[in-house]
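# Descriptive analysis of the structure
These are the residues of each chain, in order.
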Amino acid sequence: MDEAILTSDKPSNSSPLNPPSRSICHVCQKQFSQYTCPRCNSRYCSLQCYKSHSLQCTESFMRENVVEELQHMQPDDETKQKMLDILKRFHSEEETDSMDVDDSTLTEETIQKILSGDQISFDDLSAEEKKRFQKAIASGELSKMIEPWEPWWLKPSARRISLSKEGTQLVQPYAEHEASVSLQDDDLESYQSNEIPPGPKSPLPPVSKLSSAEPSPLLAVHLVNILYSYCFTLRLYNGDWQSDAIGSALVVLSMSSVLGQGGQPETVLEALSYCLEQICSPAYRHMGGLQFGLGLIDDVISLLSLGSSALVCLLSDMRRLIQAGERELKSEKQKKLRRVEIRSKLKFAERKIYFIMCWVYEQPSAAWSSLATIVEAEKSSVMNYGANKQSVKMNNTSETKGKVLIEEIE
C-alpha cells in the first residue's frame, strides 16, 4: 500500500516511535519535506526553503544561538585590555584622518597661483598654511613625497670616470664650450643633468707650484674627514645641495673639523670620530644617529675604491658647493661680523679643497685601495667596541691626550 502524502499545514507530531508520513514541503510545495523547523514545526525540504519559510523564525533562531555562544565566552582581563587598546587606536586614527582632511585645504589664492604655474614660496603661504606645512614637516609626511636619492658614487657610471692628463674632464657639455663663463657662473641646469659631477674646467697645477713646502703626510687622513662631510651633506639634502647652497656649505663646515676648524687629525680613527660625534649631536641626531653615521663610512670606502678620477670630481663638486655658498652669503641679510666670519671660513675651506684636489690627482691609484682598507678596519673596530659596551666611548691614542672622541648613550 502506498504511503500517504500529506499537504496539511498542521504541525507535525512525528517522533522516532511514530515515523512521519511523507508530506510536501510547506514552502515550495514541490518536494517532499525532510526537515522540521525547531521553532514552528513547519515542514521544509531544503536550507533555502528554511531561510524563506519564516523570517521571524530564522532571525530569532540565529540570535539565540549567537547569544548563547557569547554567554559561554568569558573574556579574561588580557582580552578586555587588548580590545580596549584596539578601540582606542581606532578612535585615534579616525580623529587623525579627520584632521588630515581638514588640514589639506588651501586658500583660493594659493590654488590659483599653482594652477597658473607660478612658483610658491613659504612666504606666499597664509599663517594657517604655514602652520600646516610645518606640521607636515614635523610629522614626516612630506618625506614620503620625496623620491629616494641614489648617490652618484654608487652608480655603475662612477666606475668609468676619465679625466685628461691635466685633471680636467674629457667631455664637457656643449653649452660650456660655447660660453666662456667663470666657475662662479656655472649653469646649474647643465650641472644637474650630469649623472656624475663634472671635473675641473681648468688644468690642475702641480702641488709644488701651490706650496714650496712638502705636502703633509696627514693629507690622506684629512681627506677621509672631508669625504665624510661631503657624503653626509648630500644625503642630508637628498643630493640637491643647490637648493640651499649656504645651508649646505655650513653643514660641510660643521661636519668637517679640517674645513670648519682648521683641524689636524692624526689618525683615520680621529678623523672619523669627529664626524660621528656630530652625527650623534642634537642637531643631526634625527638623521639616524650612530647607525646612520657608520653607514656613511661605507660611502667613504666606496668613493676611495673608485680611484683618483672620482675623488677629483667629488672635490670639484665640493668646491662648487662652497663657492655657491659664498655667493649666496653676499645676498643674505646677516650681521656684518657674522657674515665676515662665515666668509672667512668658506674661503679657507675652498683653498683647502683645491689644494687636496691637486694632491689627490698626483697620487698613485694603489694609495686609495690601501686607505679604503684602513677605513674599513677602523669601522670594524668601532662596531666591535660598540657591540661590547652599552655606552660607546671612543678614545684616541695616548698621543691625543686621551680626548673623548665620541660618546653615544643608548
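The rules we used
- Residues numbered from 1 in each chain as written.
- Predicted model: local features only at pLDDT ≥ 70, side-chain atom pairs only at ≥ 80, totals over all residues.
- Heavy atoms only, no water.
- Disulfide = S-S within 2.5 Å.
- Core = buried A, V, L, I, M, F, W, Y, C linked by side-chain atoms within 4.5 Å.
- Buried < 20%, exposed > 50% of the residue type's maximum accessible area, 1.4 Å probe, protein only.
- Helix = DSSP H or I, 4+ residues; strand = E, 2+ residues; numbered from the N terminus.
- Contact = heavy atoms within 4.5 Å.
- pLDDT = per-residue confidence, 0-100.
- Phe/Tyr/Trp six-rings, centres within 6.5 Å; stacked < 30°, edge-to-face > 60°.
- Salt bridge = Lys/Arg side-chain N within 4 Å of Asp/Glu carboxyl O.
- Expected span 1.5 Å × (residues − 1).

Here we come to the state of the cysteines. Using the criterion set out here, one finds zero disulfides in the structure. The closest cysteine sulfur to the non-disulfide-bonded C25 is located on C45, 3.8 Å from its own sulfur. Looking at C49, it has no disulfide partner, and the nearest cysteine sulfur is the one in C45, 3.7 Å off.

Grouped together as the largest cluster of nonpolar side chains are 73 residues, with contacts concentrated most on W152, L223, Y228, L304, L315, V360 and V375. For this core, the secondary-structure elements that each account for two or more residues are α9 (219-236), α10 (245-255), α11 (257-260), α12 (268-279), α13 (289-306), α14 (308-331), α15 (336-362) and α16 (366-388). If we ignore the near neighbours within four places in the chain, the residues touching Y228 are M255, L272, C275, L276, I279, G293, L296, I297 and V300. Y44, C45, C49 and Y50 belong to the second largest nonpolar core, which has seven residues in total.

Further remarks concern unusual backbone geometry. Most peptide bonds adopt trans geometry, and most residues besides glycine take a negative phi value. For N41, which is not a glycine, the phi torsion comes out positive at approximately 60 degrees. By the secondary structure assignment, N41 is in the loop between β3 (35-36) and β4 (43-44).

For the protein, per-residue confidence averages 76 on the pLDDT scale, and residues scoring 70 or more make up 65% of the total. α9 holds the highest mean pLDDT among the elements of the protein, 95, whereas strand β6 (residues 404-409) holds the lowest, 39. Every residue in residues 14-20 scores below 50 in pLDDT, and together they form two contacts with partners more than four places removed in sequence or on other chains. Within the model, the stretch residues 390-410 combines pLDDT values under 50 with 42 contacts to residues more than four positions away or in other chains.

According to the stated counting rule, one finds seven aromatic pairs in the structure shown. Plain terms: the ring middles of W149 and W153 are 5.9 Å apart, the flat faces sit at 80 degrees to each other, and that makes the pair edge-to-face. Judged by relative accessible area, W149 falls into the partly exposed class, the value being 24%. Classification of W153 as buried rests on a relative accessible area of 2%. Ring geometry for W359 versus W368: centroids 5.9 Å apart, planes at 80 degrees, classification edge-to-face. The same class applies to W359 as to W368, namely buried. Three or more aromatic residues joined by ring pairs form one cluster here, namely W149, W152, W153 and Y230.

Overall, the coordinates contain six salt bridges when judged by the stated rule. Salt-bridge contacts for E195 lead to K155; the nearest nitrogen and oxygen are separated by 3.8 Å. Placement of the pair is E195 in the loop between α7 (188-192) and α8 (207-210) and K155 in the loop between α5 (127-139) and α6 (174-178), with a sequence separation of 40 residues. The salt bridge involving K347 is made with E326; its shortest N-O contact spans 3.4 Å. With K347 in helix α15 and E326 in helix α14, the pair connects residues that are 21 residues apart, well separated along the chain.

Relative to the helices and strands, S52 resides in helix α1 (residues 47-53). Separated by 25 residues in the primary sequence, S52 and V27 have C-alpha atoms spaced 7.6 Å apart.

Our focus in this paragraph is α14. End to end, α14 covers 35 Å across 24 residues, agreeing with the expected 34 Å (1.5 Å per residue, within 8%). Extensive coverage of α14 is indicated by the burial of 19 of its 24 residues.

Moving on to the environment of K330. Along the polypeptide, K330 turns up in helix α14. Measuring from C-alpha to C-alpha, the distance between K330 and R343 comes to 8.8 Å, with 13 residues separating the pair along the chain.

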